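What follows is the residue order along each chain.
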Amino acid sequence: MQVGLLGEIIFEASSDKIMTLNNAKWSGSAQWATHQRHGTNALTEFVSLNPDKFSFDMVISRYAGVQNVQDALNLLWKYEREGTAVPLTLGDKGYGKYRWSVISHNIKMQYYDRTGNLTHCTVSVSLQEYLLS
C-alpha cells in the first residue's frame, strides 16, 4: 500500500515491500527586523516568511523488498543535483504550498552483498520549500 510520495520515490508498506519514512520534522520560521532607537526600546517589524524545511530518515533495503537500493538513491541524488522541485505527499495530504527541493542527504551504508553492492542503508534527507512566487 502506497503511503506517500516524494516526486517519483514511492513510500510504501506491504507484505512484499517496505520503504517508509520516519523521524519526520517540518519546520518554519519568519524574518524580523529590529530597529534600534536612541534612549528607548527597539522596535521589531515582521519582514517575511522563510521557506519551510522538512527532514526525514528512510530505510532502503533489499531485505525489505527494494529490488535495487542504488536506483532509489540515484533518483534522490538526481533531484538534489539537478535542483528538481518535487511534490511531497504523505497519506492523502500534500505538504507545503507547492513543491520541495532536496537540499542535502546523508547515507549510512550498512550492508552489502557478496559482490559489494549496497543492500541496506538509512538515508537522512533535508528538503526546503520551493515556491514559484
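Up top is the structure.
Predicted, not measured: the structure shown is a model, and the values here were computed from it. (Residues numbered from 1 in each chain as written. Predicted model: local features only at pLDDT ≥ 70, side-chain atom pairs only at ≥ 80, totals over all residues. Heavy atoms only, no water.)

Remarks on the overall build of the protein
The test is simple: Secondary structure counts use DSSP, requiring at least four H or I residues in a row for a helix and at least two E residues in a row for a strand, with both numbered from the N terminus. Taken over C-alpha atoms, the radius of gyration is set against a globule rule of 2.2 Å times the number of residues to the power 0.38. Under the scheme applied here, a residue whose accessible area is under 20% of the maximum for its type counts as buried, over 50% as exposed, and between as partly exposed, the area being computed with a 1.4 Å probe on protein chains only. Note on definitions: a residue-residue contact is assigned when non-hydrogen atoms from the two residues lie within 4.5 Å. Where accessible areas are quoted, they stem from the Shrake-Rupley method and a 1.4 Å probe; at the residue level, only the protein chains shown are allowed to cover. Charge assignment: positive for Lys and Arg, negative for Asp and Glu; neither His nor the chain ends contribute. The atom standing in for a charge is NZ when the residue is Lys, CZ when it is Arg, CG when it is Asp and CD when it is Glu.
A tally of helices and strands in the protein yields 1 helix and 10 strands. Scanning the protein from its N terminus toward the C terminus, one meets helices and strands in the order β-β-β-β-β-β-β-α-β-β-β. For 133 residues, the compact-globule formula gives about 14 Å, and the C-alpha radius of gyration of the protein, at 19 Å, lies well above that figure. Along the longest, intermediate and shortest principal axes, the C-alpha atoms of the protein span 70 × 30 × 25 Å. Buried residues in the protein amount to 30% of all 133 residues. In the protein, of all internal contacts separated by at least 6 residues, the share reaching a separation of at least 24 is 59%. Total accessible area on the protein stands at roughly 8,600 Å², and carbon and sulfur atoms take up 49% of it. Taking the 12 positively charged and 12 negatively charged side chains of the protein as two groups, their mean positions are separated by 4 Å.

Focus on the nonpolar core
Here is the rule we go by: For this analysis, a nonpolar core means a set of buried residues of the types Ala, Val, Leu, Ile, Met, Phe, Trp, Tyr and Cys, connected via side-chain atoms within 4.5 Å.
Counting 28 residues, the largest nonpolar core has Leu 6, Phe 11, Phe 56, Ile 60, Leu 88, Val 123 and Leu 127 as its most contacted members. Of all the secondary structure elements, the ones that give two or more residues to this core are β2 (9–13), β7 (53–61), α1 (69–82), β8 (85–90), β9 (93–112) and β10 (118–130). Element by element, the count of residues in this core is highest for α1, at 6 residues.

Some points on the packing of aromatic side chains
Filter applied, for reference: Ring geometry is summarised as follows: Phe, Tyr and Trp rings, the Trp one being its six-membered ring, pair when their centres sit within 6.5 Å, and such pairs are stacked at plane angles under 30 degrees, edge-to-face over 60 and tilted between the two. To sit over a ring, a charge needs its Lys NZ or Arg CZ within 6 Å of the ring centre and within 35 degrees of the ring normal.
Across all of its chains, the model carries 9 aromatic pairs by this definition. Members of the aromatic cluster, connected to one another through ring pairs, are Phe 11, Trp 26, Phe 54, Phe 56, Tyr 95 and Trp 100. Of note, Lys 93 hangs over the ring of Tyr 95, and the distance from its end group to the ring centre comes to 4.9 Å.

Points about α1
Using the following cut-off: What a helix is expected to span follows from its residue count: subtract one and scale by 1.5 Å. The reported arc concerns the directions from the helix axis to the C-beta atoms and nothing else. Under the rule applied, a polar contact is a pair of N or O atoms within 3.5 Å (in protein, one hydrogen donor and one hydrogen acceptor; residues adjacent in sequence only if both atoms are side-chain atoms).
Given a rise of 1.5 Å per residue, 14 residues ought to cover 20 Å, and the 20 Å separating the end C-alpha atoms of α1 matches this to within 8%. Taken together, the buried positions of α1 are Val 69, Ala 72, Leu 73, Leu 75, Leu 76 and Tyr 79. Angularly, the buried residues of α1 cover 155° about the axis, an arc narrow enough to put them on a single face. Residues of α1 that are exposed and point more than 90 degrees away from the buried face comprise Arg 81 and Glu 82. Here the buried face of α1 lies against β1 (2–6), β2, β7, β8, β9 and β10. Capping the start of α1 is the job of one residue whose side-chain oxygen sits 3.0 Å from the backbone nitrogen of Gln 70: Asn 68. Looking one or two residues beyond α1, the residue adopting positive phi is Gly 83, at roughly 70°.

Description of unusual backbone geometry
Phi is positive for Asn 23, close to 55°, though the residue is something other than glycine. With respect to the helices and strands, Asn 23 occurs in strand β4 (residues 21–27).

Remarks on the pattern of salt bridges
How we decide: Criterion for a salt bridge: a side-chain nitrogen of Lys or Arg within 4 Å of a carboxyl oxygen of Asp or Glu.
The tally for this structure, following the rule as stated, stands at 2 salt bridges. Residues Lys 17 and Glu 12 are paired through a salt bridge, measuring 3.3 Å at the closest nitrogen-oxygen approach. Taking relative accessible area as the criterion, Lys 17 reaches 24% and is therefore assigned partly exposed. What makes Glu 12 buried here is its relative accessible area of 17%.

Some words on the pairing of β9
Stated formally: What makes two strands pair is DSSP finding at least two bridges between them.
Bridging between β8 and β9 involves 5 bridges; their strand directions are antiparallel. Bridge pairing in β9 links Val 86 to Trp 100. The turn joining β8 and β9, which pair antiparallel and follow one another in sequence, is formed by 2 residues; a positive phi near 65° is taken by Gly 91.

Things to note about the sheet that holds β4
This is how it is decided: Lines fitted to C-alpha atoms define the axes here, with helix axes fitted over just the stretch in contact, and angles between the N-to-C directions of these axes take values from 0 to 180 degrees.
If you trace the 8 strands from one edge of the open sheet to the other, you get β3-β2-β1-β8-β9-β10-β7-β4, paired in antiparallel fashion. Single-partner strands in this sheet number two, and they are β3 (18–19) and β4. Note that β1 and β2 share 4 bridges and pair antiparallel. In the strand pairing of β2, Leu 6 is matched with Ile 9. Across the sheet, α1 is in contact with β1, β2, β7, β8, β9 and β10; its angle to β9 comes to roughly 135°.

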